[in-house]
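# Examination of the molecular architecture
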Amino acid sequence: MALRGVKVVELAGLAPGPFCGMVLADFGAQVVRVDRPGAVGDVSRLSRGKRSLAVDLKRPRGAALVRRLCARADVLLEPFRHGVMEKLQLGPETLQKENPRLIYARLSGFGQSGRLATVAGHDINYLALSGVLSRLGRSGENPSPPLNLLADFGGGGLMCALGIVMALFERTRSGKGQVIDASMVEGAAYLSSFLWKTQNLGLWDQPRGKNLLDGGAPFYTTYRTADGEFMAVGALEPQFYKLLVKGLGLESENLPPQMSVAEWPEMRKKFAAAFARKTKAEWCRVFDRTDACVTPVLTFEEVAHHPHNKERGSFVTDGEQGVSPRPAPLLSGTPALPSLERDPLIGEHTEEVLREFGFSQEEIDQLYSDKVIVGNKLRASL
Ligand SMILES: C[C@H](CCC[C@@H](C)[C@H]1CC[C@H]2[C@@H]3[C@H](O)C[C@@H]4C[C@H](O)CC[C@]4(C)[C@H]3C[C@H](O)[C@]12C)C(=O)SCCNC(=O)CCNC(=O)[C@H](O)C(C)(C)COP(=O)(O)OP(=O)(O)OC[C@H]1O[C@@H](n2cnc3c(N)ncnc32)[C@H](O)[C@@H]1OP(=O)(O)O
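Everything quoted here is computed from the prediction, not taken from an experiment. (Residues numbered from 1 in each chain as written. Predicted model: local features only at pLDDT ≥ 70, side-chain atom pairs only at ≥ 80, totals over all residues. Heavy atoms only, no water.)

Moving on, we get to the overall build of the chain. For the chain, the helix and strand inventory stands at 16 helices and 12 strands. The proportion of buried residues among the 382 residues of the chain is 43%. Once local pairs closer than 6 in sequence are excluded, the contacts in the chain between residues at least 24 apart make up 64%. Taking the 47 positively charged and 43 negatively charged side chains of the chain as two groups, their mean positions are separated by 2 Å. (Helix = DSSP H or I, 4+ residues; strand = E, 2+ residues; numbered from the N terminus. Buried < 20%, exposed > 50% of the residue type's maximum accessible area, 1.4 Å probe, protein only. Contact = heavy atoms within 4.5 Å. Lys, Arg positive; Asp, Glu negative; His and termini not counted. Charge placed at Lys NZ, Arg CZ, Asp CG, Glu CD.)

What follows deals with the site of the ligand. Close contacts around the ligand come from 26 residues, with Arg36, Arg81, Lys87, Asp123 and Asp152 the closest. Tyr126 places a polar side-chain atom, nitrogen or oxygen, 2.9 Å from a nitrogen atom of the ligand. Alone, the ligand offers 1,400 Å² of accessible surface; in the complex the protein occludes 62% of this. Residue assignment for the shell around the ligand shows that the elements contributing at least two residues are α3 (84–87) and α5 (123–129). Residues belonging to the shell around the ligand are distributed by class as follows: 13 nonpolar, five polar and eight charged. (Near = heavy atom within 4 Å. Polar contact = N/O pair within 3.5 Å; in protein donor to acceptor, adjacent residues only side chain to side chain. Areas by Shrake-Rupley, 256 points an atom, 1.4 Å probe, with all protein chains shown as cover. Nonpolar A, V, L, I, M, F, W, Y, C, P; charged D, E, K, R; others polar.)

Looking now at unusual backbone geometry. Put simply, Ala328 and Pro329 share a cis peptide bond, and its omega is 0°. Along the chain, Pro329 turns up in the loop between β11 (323–325) and α14 (350–356). The backbone phi angle of Gln89 is positive, close to 60°, even though this residue is not glycine. Residue position: Gln89 is located in the loop between α3 and α4 (92–98). Look at Leu147: it is not a glycine, yet its phi comes out positive at around 55°. Structurally, Leu147 is set in the loop between α5 and α6 (149–174).

Below, the discussion takes up the environment of Gly17. Here Gly17 lies in helix α1 (residues 16–26). Overall, the relative accessible area of 6% leaves Gly17 in the buried class. Between the C-alpha atoms of Gly17 and Pro79, which are 62 residues apart in sequence, the distance is 5.6 Å. Setting aside its immediate chain neighbours within four residues, Gly17 contacts Glu10, Leu77 and Leu107.

As a further point, take the packing of α6 against helix α7 (residues 184–191). At a closest axis distance of 8 Å, the pairing of α6 and α7 adopts a crossing angle of 95°. On the basis of their axis angle, the class for α6 and α7 is roughly perpendicular. Mapping the contact onto sequence places Leu150, Ala151, Asp152, Gly154, Gly155, Gly156 and Met159 in α6 and Met184, Gly187, Ala188, Tyr190 and Leu191 in α7. When grouped by side-chain class, the residues that make up the contact of α6 with α7 number seven nonpolar, four polar and one charged. (Axes fitted to C-alpha atoms, helices over the stretch in contact; angles between N-to-C directions. Parallel < 35°, antiparallel > 145°, perpendicular 65-115°, else oblique.)

Right, dumping it as structure tokens:
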């Protein structure tokens, strides 16, 4: 796999850090997650392919243990607000002094500097500060976030993974690690570059929810079908739009010109009435493999059974029969091989990892008895 041999130490966090670590693990990195002793379980549910080591970082010997891991690691991934790592004596200067090759990835909401660097927040706050949230939502309604996908996962976890891979690549030339300051506000903003760069193209001149790509256009939106399901329409180009009209059984002469914004409400009504005449399955048959850019809105229950997704094996079933997306993109020579094993229990690999990083049994026993580390004996009985 592409990241074979890369050792990552991930400090446990909420959604974006765990996702970043899972992407690295899916593509072959050895990811060790540092959990809090006493944590009830992994709230992220993004632990595929990771091992868990439970260490109390508030104890000086716990922090020293992580320093020792980082002396041999390629990447440290930390998901806290600015200042937390420094308080633990685990700041970048300290760790990179011991290991100049270490890539120190800091995934936070507001970044490592600026007046909000130490303030709590979540996806919606970062998205709001990036400007992107102001553009999302239906016409006449308040801005509305698309789940916590954009800041947490797109602008956060994924952007941070990209930073890590770029730093690993650069290290092959310089031999040196770097500090990655991955701010979710900036990641989400960067992800929205197209919106910024197309400001003068007239794409966004209407109020929120009334533009070409934000649900305003009747040929770029969703419609309810006769059985209460939904179809998605993305027929932007004139040649594809023509096929949409034909598939719906409508006549172009009875419709306003495609780009007549003022007449979009009238066009939408006609499209909605047409879509309401057939079920989702019937529309799928009408538009199957045409260039009309019409697809069913699939539920999570349906998605893995769709013939196209089945043919490509786009979803995987793990050892516990849970279905989830197969890692993307596909690399022809070194594709990701996601682990199909169950997620690790908190502290399940404490001893195994410490031994691997050069700790003696005597040291491990001492750390146990001083309550610096916690194992998980459940594994033996599973
Ligand atoms: C929208 C998303 C958030 C989604 C979260 C959901 C996935 C979950 C939220 C609630 C969960 C549900 C709930 O818990 C109830 C059920 C529980 C059940 O078990 C499961 C089902 C539940 C329904 C459960 C389901 C889900 O899990 C939930 C719905 C996001 O936006 S995530 C992005 C958040 N932002 C960031 O990541 C940006 C950077 N980070 C931060 O700004 C802060 O970390 C953050 C997120 C604001 C949290 O602040 P907090 O004060 O808590 O932490 P920090 O200041 O960062 O400091 C951490 C302190 O902890 C110490 N520490 C860390 N590791 C250790 C260790 N190993 N040992 C000892 N101590 C440790 C560290 O030293 C810090 O201590 P200090 O505070 O003293 O400095």
